[in-house]
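# Descriptive structure summary
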Amino acid sequence: MSPSIKTSKDFKRTTVTAALPYANGGLHIGHIAGAYLPADTYVRYLRMKNHDVIFVCGSDEHGAAITLRAKKEGITPKEIIDKYDTLIKNSFADFGIDFDIYHRTSSELHKETAQDFFTSLYEKDIFSKQTNEQFYDEKFEQFLADRYIIGTCPNCQNDNAFGDQCEKCGSTLSPTELINPKSALSGQKPVLKSTSHWFLPLQNYEKWLREWILDSKKDEWRAGVYGQCKSWIEQGLHERSMTRDLDWGVPVPLSKEEGAEGKVLYVWLDAPIGYVSATKQWAKNTNNDWKKYWLKQENEADDSRLIHFIGKDNIVFHCLIFPIILKAHGDYILPENVPANNFLNLEGDKISTSREWAVWLNEYVKEFPTKKDELRYVLTSIAPETKDSEFTWAIFQSRINNELVDTLGNFVNRTVVLINKYYKGEVPNINLSTAKDLTDFDKEVLEGIKIQTEKVSQNLEKFNFRDGLFEVMELARLGNKYLATTEPWKLQKTEPQRVEQIMKISAELTANLAILMRPFLPTTSDKIANMLNLENDLKWDLAGNLDLLESNNGKINKATLLFEKIEDELVESQIKKLDDNKARKLKEIKEQKEENAQTNPIAEIQSEIQFEDFSKIDIRVATIKNAEPIKKADKLLKITLEVGEQEVTVASGIAEHFSPEEIIGKQVCWLANLAPRKMRGVVSQGMILLAENEKGKLVFVSPEKMVNTGAQVK
RNA sequence: GGCGAGGUAGCUCAGUUGGUUAGAGCGCAGCACUCAUAAUGCUGAGGUCGAGAGUUCGAAUCUCUCCCUCGCUACCA
C-alpha cells in the first residue's frame, strides 16, 4: 500500500454516512449494493477493531417530488413520508444494516440544524440574493417549483413533461421552454412573477476545489469519483439556488422583510445536513458528544474522518456542493473519501422503480428470512465498484451453491464433523507456535492464515469490498486444499498424532474464517462462532492467531449446516415474478396512454387572438438549399433557405428526425419575422414550420404544389 | 457535441513504473479421493487483451484515430 494513502489507523474516529433514501419509494437491491451494504460492512469492520465510529442515515423527506405526489393522490406529504420512512427503516432493520441511528429530515432537530447552517452562511455573507421571474399559480397563490409545471415537451411532444425534465425523451428542460405550461396544482396556466432566492456561488470555490480534490485526491478516490469531480470543475461552476418557493421543507430562517416568506431550503442543502442532525439525535439518545464527529478539533490530529457511501448519481452533491457548504461554514470537517459505487442492473435491464423492474428488499427479507447473508454475499461479490454490474437470479443461485455451500459451508462442516468424530468434540490441544514437527505444508497453511488476514484488512481499508470478500473465500479454499492433501481420514488408524495436528490446524483456520468473514457475513460468523464455542464479540485483532480455540479448552459443538442450496424452482419463480410485474406495468402504461388519447384528442387550443395579431405573422414559402449539422450540437441542423433572391440561415432542432441530404430541395413554410436567436454559435433567422405525426415523427408543412419562393402564406 | 468511467477467457473481474509462453474465481472436460450438504482436490481446454495506425529491441500497458456501453453536461424558436 502506498504510504500516502491514509487508513483508519491514521484517525482517532470515523464518521460514516450512507445516502439518505428519499421517502417516496421502497428500497431495492441496487440501493443496497450501491451504498448501504458496503457502508455496513465497513462499519462492522471498524467496530471489530474497537475503532470509534458512528454510522448515520435517515429518510430524506423534503423536496418537490413528495409534495407533488401528495397533491396528486389527495393526501398529505406527511402521510407519504411516514409510510415510506417506516417501510425503509424496517427493511434496513430486518436485513441487518446496522446504523447507529436512522433519523428523519422532517424532525424538529433537523429543522433547527439546517436553519443554523443557513444562518451561519448568511451571516458570513456567503450567499448572493437574486431576483428573477418564476411561474406562479394564482389560484393556489404559490410559486411553482420546476417539477410543478407540466406541459408539452418541445423535443418529443410528450404532453406530460415536467418543468425540469422530460421523462420520455430524457432531455433537461427549463419551465419556460414547455409548450402550453400548466400548473400541476390547479391545472391552470401559470403566470410569471418575480421572486428572490439565495444563491451559493460555487464558482468562488473553484480554486480551492482544484487544490483539495484535483491535487490531493487523485490516487485516493476512486477513478470514477475523481473523474466526475474533475469534469464538473473543468466545465466551470455556477451559482446554485439554495432556496425554493415551496411550503414543504425547512423554512428559510430569515424575516418577511427579506422576502423569506413561503420559502424553504433547497432539498440538496437540507439533505446532507441530515447526516449532522442524525448524529445530534444519536448523541442525545446515548449521551454522547456529536461535535467530535463533525467539527474540526483544536488539534487537527483529533479530527474525525468523514466517509460518505453513495451511488454515482450523488457524486456531485457529496464531493462538490456539500463540501463547499462545509468549507464555507468553516467549523466542519470535510469528507476524506467518497467511495461511490456504479449501478447494479437486473436480468439484463436497468433497475426501474416505475417499471417495477426491481428486487425489493422488504420482499426479499419476507420471502427469505434466513438468507440475509446469502444476499450480502452475492451483492458484495458482484459489487459495482469499478463499473456497472448485473444481478441475475442465476448468478444468485450459482454464487450461493458453488461458493457459500460447496466451498465455505462444506469446509466448516467437514472440519467440525471430523473433530466430533475423532475427539468427541474436543480440539486437540497443541501449541502451533512451538510445535516442531510440522510439515512445510502445515507451515504454509498457517502462514496463509496470516497472509489472508492482511489481504482482507488492506482491501477493507481501501473500500475494495469485492476483493476483500474474495480473499476470505481464498482462506476457505486453502482449508479444503489442506484437508484434501493431508487426508486425515486415511491416517487416523495409523498415525493418530499426525491427525491431531491436522485437525488443530483446520480448526484454527475455521476460527479465523469466522473473524475475517464477520464484517461481510455477520450471521454466518455467529453460527461458526457458536459451533466452535468462540466468544461472541470477536475482535479483528484476533485474526491471524493460532490459539483461538484454547479459550474454551477446545470444546466445540455439533456441526450445523451454514447454508443450503438454492433450487432451480426458486430461480424460475423469481424470474417469473419479475416478468409478470413488467408485463402488468406495461399494460397499465398502455391503458393510461389510450385513456389520455381518448380524453385529449387534440392539444388544447391556445387562447384567442385578433386578426391584427395574426397579420403580424409573416410566413413565406422557401426552398432548402443546403443543410449541415452544427458542431457541438446533436439536435441542430444549420439550414440555408432560398427565399426569392435572398438566402437566410435557420438553426432547427430536427437533426434526430432528418439527415441533411434528404431535406435539401424541399419546399417548406418559413416564419420570416421571428426575432433572430443565436444557437450554438449560429444565428437563426426565423423558423421552419413542422408538424408531428402520430408516431412522434416530424414532417414539414409544405405547399401542395411548387410555388415561387418568397410567396407569402396567408 | 464536450467531459468522465468502462470495453481482457462462456460469466465476474486482476493485470503494479511497457519485458520472457496474459492471470484468478465460477462454469466446462478428464482424473483422483470419500471426512464432508453428490461436497473436495488435481490436471486440462478456452483469450488476434473493442478496431486500426504509431512510438519502441519489445505494448493489454505509452500516443493518435475510430467503434460500443454507462453516467454527467450542452444544444432544442
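Residues numbered from 1 in each chain as written. Chains lettered and ligands numbered in written order. Predicted model: local features only at pLDDT ≥ 70, side-chain atom pairs only at ≥ 80, totals over all residues. Heavy atoms only, no water.

## A look at the overall build of chain A
We count it as follows: Where helices and strands are cited, they refer to DSSP runs of H or I of at least four residues and of E of at least two residues respectively, numbered from the N terminus. Here a residue-residue contact requires only that any non-hydrogen atoms of the pair lie within 4.5 Å. Shrake-Rupley sampling with a 1.4 Å probe provides the accessible areas, and residues are treated as covered by the protein chains on show and by no other component. Charged residues are defined narrowly, with Lys and Arg counted positive, Asp and Glu counted negative, and His plus the chain ends left uncounted. By convention, the point assigned to a charge is CZ for Arg, NZ for Lys, CD for Glu and CG for Asp.
Helix and strand counts for chain A stand at 20 helices and 27 strands. Of the contacts formed within chain A by residues at least 6 apart in sequence, a portion of 73% connects residues at least 24 apart. In the form shown here, chain A has an accessible surface area of approximately 34400 Å², with 47% of it arising from carbon and sulfur atoms. The positive charge centre, built from 93 side chains, and the negative charge centre, built from 107, are 2 Å apart in chain A.

## Regarding the packing of aromatic side chains
The geometry of two aromatic rings is summed up by the distance between their centres and the angle between their planes. Quick reminder of the rule: Pairing of aromatic rings covers Phe, Tyr and the six-membered ring of Trp, with a centre-to-centre limit of 6.5 Å; geometry is then stacked below 30 degrees between planes, edge-to-face above 60, and tilted otherwise. Note on exposure labels: buried denotes an accessible area under 20% of the residue type's maximum, exposed denotes more than 50%, and partly exposed covers the range between, all computed with a 1.4 Å probe on protein chains only. Cation placement over rings: the criterion is NZ of Lys or CZ of Arg within 6 Å of the ring centroid and within 35° of the ring normal.
Applying the stated criterion across every chain yields a total of 30 aromatic pairs. Arranged with centres 5.7 Å apart and planes meeting at 35°, the rings of F99 and Y102 form a pair that is tilted. Taken individually, F99 and Y102 each receive the classification buried, so the pair is uniform in this respect. Considering the side-chain rings of F118 and W198, the 6.3 Å spacing of their centres and the 85° angle between planes classify their relative orientation as edge-to-face. You can see F118 sitting in helix α4 (residues 108–123) and its partner W198 sitting in strand β9 (residues 191–201), a full 80 residues away along the chain. Each member of the pair, F118 together with W198, is buried. Following the ring pairs from residue to residue traces out a cluster consisting of Y42, Y45, F309, F463, F465 and W540. The lysine or arginine in question, K193, covers the ring of Y136, its NZ or CZ lying 3.9 Å from the ring centre. Between K280 and the ring centre of W290, over which it is positioned, the NZ or CZ distance is 4.8 Å.

## Points about the nonpolar core
Inclusion rule: Here, the term nonpolar core denotes a set of buried Ala, Val, Leu, Ile, Met, Phe, Trp, Tyr and Cys residues that are joined through side-chain atoms within 4.5 Å. Note: domain ranges come from an automatic or database domain assignment.
Of all hydrophobic cores here, the largest spans 178 residues; its most connected members are Y36, F391 and L408. Sort the elements by how many residues they give to this core and helix α12 (residues 393–423) lands first, with 13 residues. If you count residues domain by domain, this core takes at least three from each of domain 1 (8–127 + 202–238 + 242–361) and domain 2 (392–552). Listed in part, the 17 residues of the second largest apolar core include L637, L641, V650 and I654.

## Observations regarding the pairing of strand β2 (residues 52–59)
Here is the rule: Strands qualify as paired when DSSP identifies two bridges or more between them. We call a crossover right-handed when, viewed with both strands directed away from the observer, the connection leading from the first strand over the helix to the second proceeds clockwise.
Among the eight residues that make up β2, seven are buried, leaving the element largely enclosed by the rest of the structure. Note: strand β1 (residues 13–18) against β2, five bridges, orientation parallel. By the bridge assignment, T17 is partnered in β2 with V56. This β-α-β element, β1 to helix α1 (residues 29–48) to β2, shows right-handed connectivity. In the sheet, β2 pairs with strand β3 (residues 101–104) via four bridges, with the strands oriented parallel.

## Here we look at the domain arrangement of chain A
A common way to report how large an interface is uses the accessible area buried once the components associate. Under the domain assignment, chain A is made up of domain 1 (8–127 + 202–238 + 242–361), domain 2 (392–552) and domain 3 (612–713). Between domain 1 and domain 3, the C-alpha centre-to-centre distance is 48 Å.

## Quick word on the pattern of salt bridges
The following threshold applies: One speaks of a salt bridge when a side-chain nitrogen belonging to Lys or Arg is within 4 Å of a carboxyl oxygen belonging to Asp or Glu.
Counted according to the given criterion, the structure contains 37 salt bridges. Across the pair E234 and R210 runs a salt bridge whose closest N-O atoms are separated by 3.6 Å. Placement of the pair is E234 in helix α6 (residues 223–235) and R210 in helix α5 (residues 206–215), with a sequence separation of 24 residues. Taking relative accessible area as the criterion, E234 reaches 46% and is therefore assigned partly exposed. Linking K582 and D349 is a salt bridge whose minimum nitrogen-to-oxygen distance equals 3.4 Å. On the criterion of sequence distance, the pair formed by K582 in helix α18 (residues 568–599) and D349 in strand β16 (residues 349–350) is long-range, its members being 233 residues apart. For D349, a relative accessible area of 25% puts it in the partly exposed group. One network of salt bridges, in which partners are shared, links E61, K78, D82, D85, K89 and R104.

## Digging into helix α7 (residues 267–286)
Threshold: Helices are assigned an expected span. That span is 1.5 Å times one less than the residue count.
Between its first and last C-alpha, α7 extends 28 Å over 20 residues, near the 28 Å set by a 1.5 Å rise per residue. In terms of burial, α7 is a largely internal element, 16 of the 20 residues being buried. N287 sits one or two positions beyond α7 and adopts a positive phi of about 60°.

## Points about a nonpolar patch on the surface
Where we set the bar: Here, patches come from residues exposed beyond 30% relative accessible area and free of salt bridges, joined within 9 Å for like charges and within 5 Å for nonpolar side chains (Val, Leu, Ile, Met, Phe, Trp, Tyr).
Taken together, the side chains of I609, F611, F614 and I617 present a nonpolar region at the surface, about 410 Å² in accessible area. Locating F611 in the fold gives a position in helix α19 (residues 611–615). Of the residues examined, F611 reaches a relative accessible area of 62% and is grouped as exposed.

## Considering the sheet that holds strand β17 (residues 389–391)
Strand order across the open sheet formed by three strands is β16-β15-β17, with mixed pairing between neighbours. The sheet is open, and its two borders are formed by β16 and β17, each paired with just one other strand. Across two bridges, strand β15 (residues 344–346) lies against β16 in antiparallel orientation. Note that in β16 the partner of L346 across the bridge is D349.

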